[in-house]
Amino acid sequence: MNQTPRAYAYVRFSSSKQKDGDSIRRQLESARDYCKRNKIFLDEREFTDFAKSAYRRSNIKKGSALSAFLALVDSGEIASGSYLLIETVDRLTRADVYSAVTLFGSILQKGILIVETAKNQVYNEKSLTQFAAMLSIMSSTLVAFDESSKKALRSAANWDRRQTNAREFATPLTRECPRWLRVSEDGKKYEVLQDKVRSIQFVFELRKSGLGATAIARKCNELKLSVPGKGDIWHLSLVNRLINNAALIGQYQPYKVNESGRRVPHGDPIPYFYPSVISTALFNAVQQINNKSKEFPKKRDSAYRNFLQGLLFCSCGASLHRKLKSRLDLDYSRYYCSRSNLNATKCPSVDCRRIEDTVMFFMSEEAPGLVSLDDFSDKLLDAENSARESIKKIDAQISLLLNLVQAGKAEDTPASILQRISDLEREKTVHQKIAERMLLETKDTAVYWGVKADEPFVNAIRSADSEKLSLLRYQISRIVSRFDLSEDLSSLKVTLKNSKTFEISVIRQYFDF
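Residues numbered from 1 in each chain as written. Predicted model: local features only at pLDDT ≥ 70, side-chain atom pairs only at ≥ 80, totals over all residues. Heavy atoms only, no water.

*Asks:* I'd like a rundown of the confidence of the model for the protein, residues and numbers included.
*Replies:* Scored by pLDDT, the protein comes out at a mean of 80, with 80% of its residues at no less than 70. Contacts from residues 295-304, a stretch scored under 50 in pLDDT, to residues over four places away or in other chains number five contacts. Throughout residues 443-448 the model reports pLDDT below 50, and contacts reaching past four residues in sequence, or to other chains, amount to seven contacts. (pLDDT = per-residue confidence, 0-100. Contact = heavy atoms within 4.5 Å.)

Right, dumping it as structure tokens:
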């Protein structure tokens, strides 16, 4: 754990086109110059958000470099008193002023100093109560937000114009298009990729004949047909997307990004926009079959014994699926690799009883000794502490906004600030209820295990007793993250939710009844 404060450069730009420009070099050089002038050690790690919009706040969402930096601060990996270097305020945020101030406050209250290198301006926690510092932050964010808002309006107007042209003249909007087409070099029309279209036509004929998506994917992999999608393997989701895709008969559904950053349908579908690569009659015939499949799903194992669904994995990483192999013998079932089902791998199948007896023995004899009630209590306590920490942060945000109100005249207070305070109070109430509920559940440590691999229990599972199956599945899901079958089919690696792992033999015969 690094206990020495040091500086960390944060670099961001919103468009992938800027990656080839001077933006990265300029921002990093500004950070290095600041550290050199002030004799501060610059950490070699660079937190860079490429093509992340600070206006739509995508640079603070999970998976961003900024969220990774804050996670390291919370874990103690980055010490309190360290510096976060930004070229200008708008590299950190271009959101509305209240969201921007809240983001600044949340970082500063973690003990991190924010440095605006272009202005040689340092912000610390005290800055939140200083009029000049707050004025600097708010004026910068107001300008950035206004610029981004105008740019967003111009971009939306341009997109609307292009969509109007698309509707009237069927011209490509961008170079992005369905995987069985490509945009011509002059950008004015679509060209058909015949090898992919032949694959699609074959898929539709198979579907029309009654084959399901899994069987179609398997057949396409056997024949090594050209894949009209990402990757080089046919899979279930690809087939399902194709057989429902109206773009194959030329239809295009425009989308736009709403205020929350989500793509939503925009207007009615445009007919005859793309080149039609299958006949409307064939497409409609397949849709009728798809609709009937939804109304009358295929018959499954009526006992539904698959209590390991979503938890059992092959050595290749794919999920293992349980299949009944004989209608005359309901006990004769095997687990199959999902990739092997598609002819993408040669992974062998394994007898269900070997796997399920192993899991029952583990849950009865090993699991209670590996997991204590404290593990469950600790998770509840963590959830309670997290809720209480959120309450503290909300209180700090409310205090900040109240300070801003007190700094000006009460009659001039924007209604949006008062609304934000009201929203934070409601959010605080939600976290208070969570904390109270977690506290009550922590006190209730009377956990009923109920899994005992004796003859009555094992026979009940084998005969698909719904009550016992439900209990076993519940106890497994509480403590087990996944089961991984070894390549030689000799053992199961059990990964618990507390990150502990355990290996247990699949070869051994656990029960003699």
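*Asks:* Give a detailed account of the pairing of strand β15 (residues 491-496), specifying residues and quantitative values.
*Replies:* Most of β15 sits inside the fold, with five of its six residues counted as buried. Bridge count for strand β14 (residues 480-485) against β15 is five bridges, and the pairing is antiparallel. Each bridged residue has a counterpart across the sheet, and for Leu485 the counterpart in β15 is Leu492. Note: β15 against strand β16 (residues 501-505), five bridges, orientation antiparallel. The partner of Val494 across the bridge, within β16, is Phe502. (Buried < 20%, exposed > 50% of the residue type's maximum accessible area, 1.4 Å probe, protein only. Helix = DSSP H or I, 4+ residues; strand = E, 2+ residues; numbered from the N terminus. Pairing = 2+ DSSP bridges.)

*Asks:* So what about the pattern of salt bridges? Which residues, and what values?
*Replies:* By the definition in use, this model includes 14 salt bridges. Where Arg26 meets Glu87, a salt bridge forms, and the shortest distance between an N and an O atom there is 2.8 Å. With Arg26 in helix α1 (residues 23-38) and Glu87 in the loop between β3 (83-86) and α3 (89-92), this pair connects stretches of sequence that are 61 residues apart. With a relative accessible area of 32%, Arg26 lands in the partly exposed category. Glu87 sits in the buried class, given a relative accessible area of 12%. As a salt-bridge pair, Lys452 and Glu365 come within 3.5 Å of each other at their nearest N and O atoms. You can see Lys452 sitting in the loop between α13 (415-443) and α14 (455-462) and its partner Glu365 sitting in helix α11 (residues 352-370), a full 87 residues away along the chain. (Salt bridge = Lys/Arg side-chain N within 4 Å of Asp/Glu carboxyl O.)

*Asks:* I'd like a description of unusual backbone geometry, backed by residues and values.
*Replies:* The backbone of Lys39 shows a phi angle near 55°, a positive value even though the residue is not glycine. If you trace the backbone, Lys39 turns up in the loop between α1 and β2 (42-50). Owing to a relative accessible area of 80%, Lys39 belongs among the exposed residues under this scheme. Positioned with a positive phi, Leu489 is a non-glycine residue whose angle comes to about 65°. Relative to the helices and strands, Leu489 resides in the loop between β14 and β15.

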